[in-house]
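Listed below are the residues making up each chain.
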Amino acid sequence: MKFDRHARRKLLSHSVAVLTGLAVVAVLYPLVSIVYEAAVRGGGVLFQNGFLTSVPPNGCTVVSCSTVGIGPAIVGSFIMVGLASLLAVPVGVMAGIFASEYRTRGFGRAVSFTADVLSGVPSIIMGAFIYGYFVLYDPSSTYSGFTGSLALAAIMIPIVVRTTEEALRTVPNAMREAAIALGISKWKMTLRIVLVAALPGVATGVLLAVMRTAGDAAPLIFTALGSNLYPHDLFHQPMPALPLLIFNFALSNESNWREVAWGATLFLLLVILITNIISRMVIHRLSEKMTGNA
Amino acid sequence: MESPTPSSSSSNRPPLARVLTKTLLRGALPAFAAAIVGGVTYVQGYTLGPFGLSHLVALWLTVAVAVAATFGVVAGLAYVARRWPDPTFFGVVAAVGLSIIALAVAIVGILVYNSQASFRAFGWSFLFGQIWDPNRQIFGVVPFVYGTLITSALALLIALPLALGSAIFITTQAPRWLRRPIGSAIELLAAVPSVIYGFWGLYIVHPYMQLTVEPALQKYLGWTGLFSGTPIGLDLLTAGVILAIMIVPTIAAVSRDTLAAVPAAQKEAALSLGATDWETIHVAMLPYARSGIIGGVILGLGRALGETMAVTMVVGNVDQIPTSLLSHGQTIASLIATELLNNNGPLQISAILECGLVLLLVSLLVNVVARLLVWRVAKVGGGAIE
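Residues numbered from 1 in each chain as written. Chains lettered and ligands numbered in written order. Predicted model: local features only at pLDDT ≥ 70, side-chain atom pairs only at ≥ 80, totals over all residues. Heavy atoms only, no water.

Caption draft 1: View of the overall build of chain B. From N to C terminus, chain B includes 13 helices and zero strands. Element order for chain B, N to C, with α for helix and β for strand: α-α-α-α-α-α-α-α-α-α-α-α-α. For chain B, the proportion of its 386 residues judged to be buried stands at 46%. Contacts in chain B between residues far apart in sequence, at least 24 positions, make up 73% of those at least 6 positions apart. For chain B, the exposed surface amounts to about 18,500 Å²; the carbon and sulfur share of it is 70%. (Helix = DSSP H or I, 4+ residues; strand = E, 2+ residues; numbered from the N terminus. Buried < 20%, exposed > 50% of the residue type's maximum accessible area, 1.4 Å probe, protein only. Contact = heavy atoms within 4.5 Å. Areas by Shrake-Rupley, 256 points an atom, 1.4 Å probe, with all protein chains shown as cover.)

Given below as structure tokens:
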């Protein structure tokens, strides 16, 4: 009897181990499936000559194209994400410095909390916010790459604030105290000692934030709108983007449009996953180094 | 040295007047040179044009004064920054930091402003309106509240056991060398763009749900009434499944961190009393990590409520109150994504943005609650010293 109970407790423990292992398998299966399906369905078209530079199939209504591709979408995404980063990174890093280094002055905590809460605001709401201001009520503006960039920047700013704040807070206070004890002023200590020590963490966090917005279609639907042609005006013309192209072509009835969408999916997936893996390895390397020295 | 500010401790710094004249001279000379060159160019270009010369002189003067004033302001700022470096630095980062709060206010403000027309037409009954009919210009948020809540609840139901199981596996069961790779792989799930989940869901999950899962559910669980109707695959259930996959990384990451933060003494005490692995987890770890896990679940809920692209592609996009888990539906986010561009007039735009306001307020509330819960268990790091 006593043995039985013991055996039952052991059995329960082992079955929990097996169940949690199965949970991991179930969680990781979609990742494998997505990469596999994208590779199988989009691999052929992605490695065709000229896929990364040609215009998509509905851009060739007048003259039929010999090759189709995602060139305009890559350029459009690059422009909008680049401009959004130029706007968001300085603002986010400065606000992150305020949130971390002036935390005891009350408002620092408020900024930190606001950024935390804002980073949970759905990206479609950020798009609607920019749409509500620029497209609806400013008659001089219209769907454009600029409004798309603003929507992306609004998503990026809170994430950059949080990652900057977190990276700055990993810098031990002993470094700050040593700097102050040597008579250096606070701004110099913050910029030349604390920020420099935290820079790799800040940089990788910023990179992850950039990659997250690069794949986001929701804020662009009604700000940048999308297009089939290479963009040549930032302010007065809809701009194409990779995630928008995937969204529009995925629902198409034409099989060659869907094929282009699978190629674009594989391309976007590869860029985002590889960037993520590399930056995670860098983060790990750095944190190991830091704890090793401590 | 005749210093006009003898009380200042920084007597080695030059007085204000001299710095200003020096900077102005240094900056103003090139400024005026540039202005003269620019003015001459204007005159050259427009003498033959429609403007008279007096007009151009005025223009030239304006440019010159503007350039000089700019230099003056820059010089002043440079002086302030050099004289009081720390307060200036504080002022700049504080201004930028407070602009984050301004951004939050602006988002709410813009949505409130834009939903005025809808609020004037429907008042508070918008929140209880069960009909969304663009042809008759009648709008109510209820169908989308149903869609949003049902898909998010399904997502939580499916995701919680999987995420918690994975977190337990990573922190207690997995061999040490396997922990980091599994953790990183789960975090990679969070990096996959929403639109790619939607595309994958549309072509891989949708047929599987339609042909295999939903008929089976009807056969074995049909008596619950939750699965009535024809299996169509593009429905609330499929949207919930996709959402579950997308929020697992959020819940798993927070659960893993809080489980890892359980003190070793807590676990050792249970083990020394003869507890098995599971009993240790159940008795010593889960209660300790409970508030953190709940915080993670609420964070996941926040993400599920607002997730747009993937849901839009698989939920069916029908603006009616769903009758079962297998009926087409629409969430607030997918409503905004599909109808803001294809609208039937300004009242519908306003009504859509009012729905957006509802979603924004709910997700703000959810995030505030989650943050307060996670903050309670958050580790205290370095930071401000003053």
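Caption draft 2: Broad picture of a nonpolar patch on the surface. Nonpolar side chains collect at one region of the surface, where L270, I274, I278 and V282 of chain A lie side by side and expose about 330 Å² of accessible area between them. Overall, I274 of chain A belongs to the partly exposed group, its relative accessible area being 48%. (Patch = residues over 30% accessible without salt bridge, like charges linked within 9 Å, V, L, I, M, F, W, Y side chains within 5 Å. Salt bridge = Lys/Arg side-chain N within 4 Å of Asp/Glu carboxyl O.)

Caption draft 3: Looking closely at the domain arrangement of chain B. Residue and element names in this part refer to chain B. As far as domains go, chain B holds domain 1 (12-114) and domain 2 (128-374). Each partner contributes to the interface: domain 1 provides five residues, whereas domain 2 provides six residues. Buried surface at the junction of domain 1 and domain 2, summed over both partners, amounts to about 470 Å²; 82% is from carbon and sulfur atoms. Looking only at domain 1, the three residues that lose the most surface to domain 2 are V108, L111 and N114, adding up to 84% of its buried area. (Domains from an automatic or database assignment. Buried area = accessible area lost by both parts, 1.4 Å probe.)

Caption draft 4: Structural context of the environment of V96 of chain B. Secondary-structure assignment places V96 of chain B in helix 3 (residues 85-114). When its relative accessible area of 15% is taken as the criterion, V96 of chain B is described as buried. As for V96 of chain B and I245 of chain B, which are separated by 149 residues in sequence, their C-alpha atoms are 36 Å apart. When neighbours within four sequence positions are excluded, V96 of chain B is seen to be in contact with V91, M94 and A95 of chain A.

Caption draft 5: Representation of the confidence of the model for chain B in the model. Residue and element names in this part refer to chain B. Counting all residues, the mean pLDDT for chain B is 84, and 81% of those residues have values of 70 or more. Counted against residues more than four places away or in other chains, residues 1-11, with its pLDDT under 50, gives six contacts. For this predicted complex, the interface score ipTM comes out at 0.92, while the overall pTM is 0.85. (pLDDT = per-residue confidence, 0-100.)

Caption draft 6: Local environment of the environment of F107 of chain A. With respect to the element layout, F107 of chain A can be found in helix 3 (residues 107-118). Along the backbone, F107 of chain A and V121 of chain A are 14 residues apart, and their C-alpha atoms lie at a distance of 21 Å. F107 of chain A has contacts with F98 of chain A together with L98 of chain B, leaving out every residue within four places of it along the chain.

Caption draft 7: Representation of the packing of aromatic side chains within the structure. Counted by the stated rule, this structure contains 14 aromatic pairs over all chains. Between the aromatic rings of F119 of chain B and W124 of chain B, the centroid separation amounts to 5.2 Å while the plane-to-plane angle is 90 degrees, which identifies the pairing as edge-to-face. Grouping aromatic residues by their ring pairs yields a cluster made of F122, F126, W132, F139 and F144 of chain B. Over the ring of Y102 of chain A we find K186 of chain A, and its NZ or CZ is 4.4 Å from the ring centre. Between the NZ or CZ atom of R83 of chain B and the centre of the ring of W84 of chain B, over which it lies, the distance is 5.8 Å. (Phe/Tyr/Trp six-rings, centres within 6.5 Å; stacked < 30°, edge-to-face > 60°. Lys NZ or Arg CZ within 6 Å of the ring centre and 35° of its normal.)

Caption draft 8: Structural detail: the interface of chain A and chain B. On the side of chain B, 83 residues touch chain A, which itself brings 93 residues to the contact. With both sides pooled, the region where chain A packs onto chain B buries about 7,900 Å², and carbon together with sulfur makes up 77% of that total. Between the two partners, chain A and chain B, sit two salt bridges. With a shortest N-O distance of 2.8 Å, E279 of chain B and R9 of chain A are connected by a salt bridge. Counting the contacts that link chain A with chain B gives 12 residue pairs in polar contact (both at pLDDT 80 or more). Among the elements that line the side of chain A that touches chain B, the one with the most residues is helix 1 (residues 2-46) of chain A, at 18 residues. Per-class residue counts for the side of chain A that touches chain B are 59 nonpolar, 19 polar and 15 charged. (Polar contact = N/O pair within 3.5 Å; in protein donor to acceptor, adjacent residues only side chain to side chain. Nonpolar A, V, L, I, M, F, W, Y, C, P; charged D, E, K, R; others polar.)

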